[in-house]
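Architecture and fold: a report
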Amino acid sequence: MRLKEKVAIVTGGGRGIGEATAKAFAREGAKVVVADLNQADVERTVAEINGAGGRAIGFVVNVTDRGKVEELVQTATSNFGRLDILVNNAGITADNTLAKMTEAEWDRVIDVNLKGVFNCGQAAAKVMVEQGGGVILNASSVVGIYGNFGQTNYAATKWGVIGITKSWAKELGRKGIRVNAVAPGFILTPMTDKMPEKVLEMMKDKSPLKSLGYPDDIAAAYLYLASDEARFVTGTVLSVDGGLVL
Ligand code: NAP
């Protein structure tokens, strides 16, 4: 088992990529805290992990709420004794062209995708520094690297996540903490369900593999980066996008 006895928090763990990641981690022996805004999704995912013989608990959290994020980290340590891995996966879109994007759309996406990552990373790093090590993984996106029509706010956050990742890798490496990001291409989840079918078809066609991705494709990348197999990997951005931008 690649994560035997490790303790992990996965934000946005109730569905989509986060759900697949929480399940993959549990299958590899991790004790998982499924943290998400949506209580029903948290309960379903936790029940499915425990039903399959894994070990998970749920925590309903809005990652923009610093007090609740502190409680989330305390819940992990009080239930499982430590915190080894944080997957900063929770993220949202609120798409619009530059001309039409509202201040509220800008603020909402910045708040969840950047402040949420900062809140969770800061709270988790405190425990990991005291423990003498850990792994923090952040959700970037192909859109953060290459931009996308109608996603000024989202692209800014996903590029920002890369800056956060590299800064934390430099700050926290000496404390035994590795920090990496994953940049998924277009993955079939409720987030991409909102996108026009013709855009998804176009992305599929552009990819050398002629395929969109599945949540398990991204979970596999997080699993590798969380495991000791990646002990010498920090500050990197792993693109998992079917070669979309080649
Ligand atoms: P998803 O299906 O929309 O799932 C995101 C989960 O995060 C949902 O359960 C959502 O809860 C939760 N969440 C949203 N805001 C939150 C908050 N403030 N606090 C706590 N939880 C919150 O998204 P996904 O496609 O799995 O994407 C996961 C991550 O990968 C995101 O960071 C996304 O930007 C990134 N990503 C996705 C793709 C893709 O193609 N899908 C590509 C590149 C990067 P609710 O259900 O209540 O909203």
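In what follows, the structure referred to is the one given above.
Owing to the predicted nature of the structure, the values given are computational and were not obtained by experimental measurement. (Residues numbered from 1 in each chain as written. Predicted model: local features only at pLDDT ≥ 70, side-chain atom pairs only at ≥ 80, totals over all residues. Heavy atoms only, no water.)

**A closer look at the overall build of the protein chain**
The following threshold applies: Numbering of helices and strands runs from the N terminus; a helix is a DSSP stretch of H or I covering at least four residues, while a strand is a stretch of E covering at least two. For every residue, the accessible area obtained with a 1.4 Å probe (protein chains only) is divided by the maximum for its type, and the residue is called buried under 20%, exposed over 50%, and partly exposed between those limits. Any pair of residues with heavy atoms lying within 4.5 Å of one another is described as a contacting pair. Accessible surface area values rest on a Shrake-Rupley calculation with a 1.4 Å probe, where residue burial reflects the displayed protein chains alone. Charge convention: Lys and Arg are scored as positive, Asp and Glu as negative, and His as well as the terminal groups of each chain are ignored. Note on charges: their place is set at NZ of Lys, CZ of Arg, CG of Asp or CD of Glu.
Secondary structure summary: the protein chain contains nine helices and seven strands in total. Considered along the principal axes of its C-alpha atoms, the protein chain spans approximately 50 × 35 × 35 Å. Counting over 246 residues, the protein chain shows a buried share of 52%. Pairs at least 24 residues apart make up 73% of the contacts formed inside the protein chain by residues separated by at least 6 positions. A total of about 11,500 Å² of accessible surface is found on the protein chain, and carbon and sulfur atoms cover 54% of it. Side chains of the protein chain carry 28 positive and 27 negative charges; the gap between the two charge centres is 5 Å.

**Considerations on the sheet that holds strand β5 (residues 134-139)**
To keep things clear, this is the line we draw: Only when DSSP finds a minimum of two bridges between them are two strands counted as paired. Note on geometry: axes are lines fitted to C-alpha atoms, helical ones only across the stretch in contact, with angles between N-to-C directions running from 0 to 180 degrees.
An order of β3-β2-β1-β4-β5-β6-β7 is seen for the seven strands of this open sheet, with the pairing classed as parallel. Every other strand in the sheet has two partners, leaving β3 (55-60) and β7 (237-240) as the edge strands with one partner each. If you compare each strand with its neighbour and ignore which way they point, the axes differ by 20 degrees on average. In this sheet, strand β6 (residues 177-184) lies alongside β5 in parallel orientation, the contact comprising six bridges. In the sheet register, V135 faces β6, and the bridge partner there is R178. Of the strands in this sheet, β1 (7-11), β2 (31-36) and β3 are in contact with helix α3 (residues 66-80), which crosses β3 at around 160 degrees.

**Observations concerning the site of the ligand**
Using the following cut-off: One heavy atom suffices: a residue is near a molecule or strand as soon as one of its heavy atoms comes within 4 Å of it. By the criterion applied in these results, polar contacts are pairs of N or O atoms within 3.5 Å in which, for protein atoms, one can donate a hydrogen and the other can accept it, and in which residues neighboring in sequence qualify only through two side-chain atoms.
Taken together, the neighbourhood of the ligand is formed by 28 residues, with R15, D36, N89, Y154 and T189 sitting nearest. Within the contact set of the ligand, an oxygen atom lies 2.7 Å away from a side-chain nitrogen or oxygen of R15. One of the backbone N or O atoms of L37 is found 3.4 Å from a nitrogen atom in the ligand. Protein chains shield 92% of the accessible area of the ligand, which is 890 Å² for the free molecule.

**Quick look at the pairing of β3**
Across six bridges, the pairing between β2 and β3 is parallel. Each residue of the ladder has a partner; that of D36, found in β3, is V60.

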